[in-house]
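Below are the chains, spelled out letter by letter.
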Amino acid sequence: MILDVSVDDLPGNPEKAFCEFETKVRTAYENQEAANSYDDMGNFVSEVCYASRKSYVVRILAFLDLRAITYADEPRIRDITTLDGEDFMETFGQFTLGVERLITTFQLRNDSQTGTKIAIAISYKAEIGRYLKKIREIVRREVKAVHKRDNIFAKIAALQSEVDRDQTTIDAAFGRVIDLSKVIGEVAENIKPVIELMDKIKRIFWEGTDKVNLLPKPPSPIMLPKPNSNAPSKDASDDIPVDEGS
């Protein structure tokens, strides 16, 4: 049983795209269950729920992986498709809670206007991309622990995704840099060249970003004409009515 959803009209922002994609997939599996979960005798058919929910999990994980969206910090989101029957159904609720938390995080991050927006120059984007590629190559060669290597790759992808945006915020961009630096620091003794590359990336973010002017320029003030010094001055008493009968 396959959930049929379209991905043609999703936003370019990976996090916003995921929020919309999840809504589509969840709606599809809920509609499928509502239409097919009971047989002609009115009996509940659990196999339909099992199949549609597995399809939901497969699509959510595939989207996160293909769009290089980091979700390692949410342990409830993991591959549960290897589970069967009641084991899967019992774990599915935790999976959806993890997805819900991830969506809330993305929505708050993308809807927030509190962070100072920045734009990264195209030349710096290319330079950062080269450094990240070198880091990826060194990590693939030098880091033997699979889970550490995969974690670094996920953080690299998250930072690259932030760099590729037309605009981002200081909080988001520096947060991705810090996340990558942290996981690299765990294996720093083996990959000193990576530390040097990260230092170069940090300098770019410190020196190579431009703040985006979010507010329109205020209108030019209306310039009043200078008073004409040759014009006769008007005495304030001219405005006072005179009682001619006094």
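Let us look at the structure shown here.

Rules used throughout
- Residues numbered from 1 in each chain as written.
- Predicted model: local features only at pLDDT ≥ 70, side-chain atom pairs only at ≥ 80, totals over all residues.
- Heavy atoms only, no water.
- Phe/Tyr/Trp six-rings, centres within 6.5 Å; stacked < 30°, edge-to-face > 60°.
- Helix = DSSP H or I, 4+ residues; strand = E, 2+ residues; numbered from the N terminus.
- Buried < 20%, exposed > 50% of the residue type's maximum accessible area, 1.4 Å probe, protein only.
- Expected span 1.5 Å × (residues − 1).
- Arc of directions from axis to C-beta.
- Patch = residues over 30% accessible without salt bridge, like charges linked within 9 Å, V, L, I, M, F, W, Y side chains within 5 Å.
- Areas by Shrake-Rupley, 256 points an atom, 1.4 Å probe, with all protein chains shown as cover.
- Salt bridge = Lys/Arg side-chain N within 4 Å of Asp/Glu carboxyl O.
- Lys, Arg positive; Asp, Glu negative; His and termini not counted.
- Charge placed at Lys NZ, Arg CZ, Asp CG, Glu CD.
- Contact = heavy atoms within 4.5 Å.
- Core = buried A, V, L, I, M, F, W, Y, C linked by side-chain atoms within 4.5 Å.

Points about the packing of aromatic side chains
- All chains considered together, the criterion is met by nine aromatic pairs.
- Where F18 meets F106, the ring centres are 6.1 Å apart and the plane angle is 85°; that geometry is what we call edge-to-face. With F18 in helix 1 (residues 14-36) and F106 in helix 3 (residues 85-111), this residue pair connects regions lying 88 residues apart in the sequence. The two residues F18 and F106 agree in class, both being buried.
- With a centroid separation of 5.8 Å and 90° between ring planes, the pair formed by Y29 and F92 is classed as edge-to-face. One end of the pair, Y29, is in helix 1; the other, F92, is in helix 3, and 63 residues separate them in sequence.

Examining helix 7 (residues 192-207)
- If you check helix 7, its first and last C-alpha atoms are 23 Å apart, about what 16 residues at 1.5 Å a residue would give, namely 22 Å.
- Buried within helix 7 are the following residues: V194, L197, M198, I201, I204 and F205. What you see down the axis of helix 7 is that its buried residues fit within an arc of 110°, all on one side. For helix 7, the exposed residues set more than 90 degrees away from the buried face come down to K192, W206 and E207.

A look at helix 4 (residues 122-142)
- In this model helix 4 runs 30 Å from its N-terminal to its C-terminal C-alpha over 21 residues, within 8% of the 30 Å that 1.5 Å per residue would give.
- When helix 4 is considered as a whole, its buried residues turn out to be K125, I128, Y131, L132, I135, I138 and V139. One face of helix 4 carries all of its buried residues, which in axial projection span an arc of 150°. The exposed set on the far side of helix 4, more than 90 degrees from its buried face, consists of I122, S123 and K133.

With respect to a positive patch on the surface
- On the surface, R130, K134, K200 and R203 cluster together into a patch of positive charge.
- Mapped by element, the contributors of at least two residues to the positive patch are helix 4 and helix 7.
- For R130, the position within the fold is in helix 4.
- Residue R130 is classed as partly exposed on the basis of its relative accessible area, which comes to 49%.

Focus: the side chain of R176
- Its place among the elements puts R176 in helix 6 (residues 170-185).
- Residue classification places R176 among the buried residues on the basis of a relative accessible area of 13%.
- Those residues in contact with R176 that sit more than four places away from it in its chain are E15, R109, A158, L159 and E162.

Digging into the nonpolar core
- I135, L180 and F205 are the most contacted members of the largest nonpolar core, which has 27 residues in total.
- Among the secondary structure elements, those contributing two or more residues to this core are strand 1 (117-120), helix 4, helix 5 (146-163), helix 6 and helix 7.
- Sequence-distant contacts of I135, defined by excluding residues within four places in its chain, comprise I156, I184, V194, L197, M198 and I201.
- Counting residues in hydrophobic clusters, the runner-up holds 24 residues, among them A17, C19, I77 and I80.

Here's the deal with unusual backbone geometry
- The phi angle at A68 is positive, at roughly 55°, despite the residue not being glycine.
- Residue position: A68 is located in the loop between helix 2 (46-66) and helix 3.
- A residue is classified by how much of its surface remains accessible, and A68, at 29% relative accessible area, is partly exposed.

So, the side chain of Q160
- By secondary structure assignment, the location of Q160 is in helix 5.
- The residues touching Q160, leaving out its near neighbours within four places in the chain, are G129 and L132.

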